[in-house]
Amino acid sequence: MTGIGNTKNAPPRRSDATRTAILAAARERFASDGYERATIRAIAKDARIDPSMVMRYYGSKEGLFAAAVQLDLRMPDLGAVPRDEFGRALVTHFLGMWEENEELTAVLRVGVTNQAGAERMQQIFRDQLLPVARQACPDPEQVPVRAALCAAQLLGLALTRYVLRLPPTVALHPQEIVAWVGPTVQRYLTAPSP
């Protein structure tokens, strides 16, 4: 029995397919061209729609970028990790995320070249990394600083490995990276204040 309120078996709306196509094209275009060079016209062409449709759904390039980079970092619950393993757990987690998610690389590229990208990156890390730092930090007043230090370490690693592709960094096995970087992140999270 189908009724007006029954949408369980309803076909997807055309607007949903259009939005999906726009976001997929935008992610690829922002990743390959960066924020400044990516254009609404090029994104619309990639999505095989008229540029006015992009503007209709997202209002502006900034609105499209914000929608295209809705990233869930799927941060681990440190409550399930021994305290002396927090740093290793976070580095392992982020390496896994960077290895399987090109959107993170796209956001990083845009974040280092554009204010809108930087603001988006700040929001992602503020909303998702700060709560993790709160679980580990011995002094609640230092949570923002410690989260920022962790972000600096993790983003620096990502920049050199996935964007700049520095050969020595790219050549490192993930276990080596965890062994080198994990203790530093651990110190940022849990060590007494210097």
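Read on for an overview of the structure. (Residues numbered from 1 in each chain as written. Predicted model: local features only at pLDDT ≥ 70, side-chain atom pairs only at ≥ 80, totals over all residues. Heavy atoms only, no water.)

## Observations concerning the packing of aromatic side chains
Condition: In this scheme Phe, Tyr and Trp rings, the latter by its six-membered ring, pair at centre separations within 6.5 Å, and the angle between planes marks the pair as stacked below 30 degrees, edge-to-face above 60, and tilted otherwise. Partly exposed residues are those whose accessible area sits between 20% and 50% of the maximum for their type, while under 20% is buried and over 50% is exposed, using a 1.4 Å probe and protein chains only. Each ring is checked for a lysine NZ or an arginine CZ that lies within 6 Å of its centre and within 35 degrees of its normal; such an atom marks a charge sitting over the ring.
Overall, the coordinates contain six aromatic pairs when judged by the stated rule. Between Phe 30 and Tyr 35, the aromatic rings sit 5.8 Å apart at their centres with planes inclined by 10°, giving stacked as the arrangement. What makes Phe 30 buried here is its relative accessible area of 2%. Its end group placed over the ring of Tyr 35, Lys 61 keeps NZ or CZ at 4.7 Å from the ring centre.

## Some words on the environment of Asp 33
As a reminder of what qualifies: Strands here mean DSSP runs of E at least two residues long; helices mean DSSP runs of H or I at least four residues long; both are numbered from the N terminus. Polar contacts here mean pairs of N or O atoms no more than 3.5 Å apart (in protein, one a potential hydrogen donor and the other a potential acceptor; neighbouring residues in sequence count only if both atoms are side-chain atoms).
For Asp 33, the position within the fold is in helix α1 (residues 14-37). For Asp 33 and Thr 92, which are 59 residues apart along the polypeptide, the C-alpha to C-alpha distance reads 29 Å. At 3.2 Å, the side chain of Asp 33 forms a polar contact with the side chain of Ser 32.

## Brief notes about the packing of helix α6 (residues 102-111) against helix α7 (residues 115-128)
The test is simple: Interaxial angles span 0 to 180 degrees and are taken between N-to-C directions of axes, which are lines fitted to C-alpha atoms, for helices over the stretch in contact. Our angle categories are set so that under 35 degrees counts as roughly parallel, over 145 as roughly antiparallel, 65 to 115 as roughly perpendicular, and the remainder as oblique. By definition, turning the near helix anticlockwise from the far helix through less than a right angle yields a left-handed crossing, and turning it clockwise yields a right-handed one. The contact rule is simple, with two residues in contact once any of their heavy atoms fall within 4.5 Å. Under this grouping Gly is polar, as are all residues other than the nonpolar Ala, Val, Leu, Ile, Met, Phe, Trp, Tyr, Cys and Pro and the charged Asp, Glu, Lys and Arg.
Contact pair α6 / α7: the axes reach a minimum separation of 7 Å and the direction vectors enclose 130°. In terms of orientation, α6 and α7 fall into the oblique class. The interaxial crossing formed by α6 with α7 has left-handed handedness. Mapping the contact onto sequence places Val 107, Leu 108, Val 110 and Gly 111 in α6 and Gly 117, Ala 118, Met 121 and Ile 124 in α7. Residues that form the contact of α6 with α7 fall into these classes: six nonpolar, two polar and no charged.

Remember that the coordinates give geometry; whether it matters functionally is a separate question.
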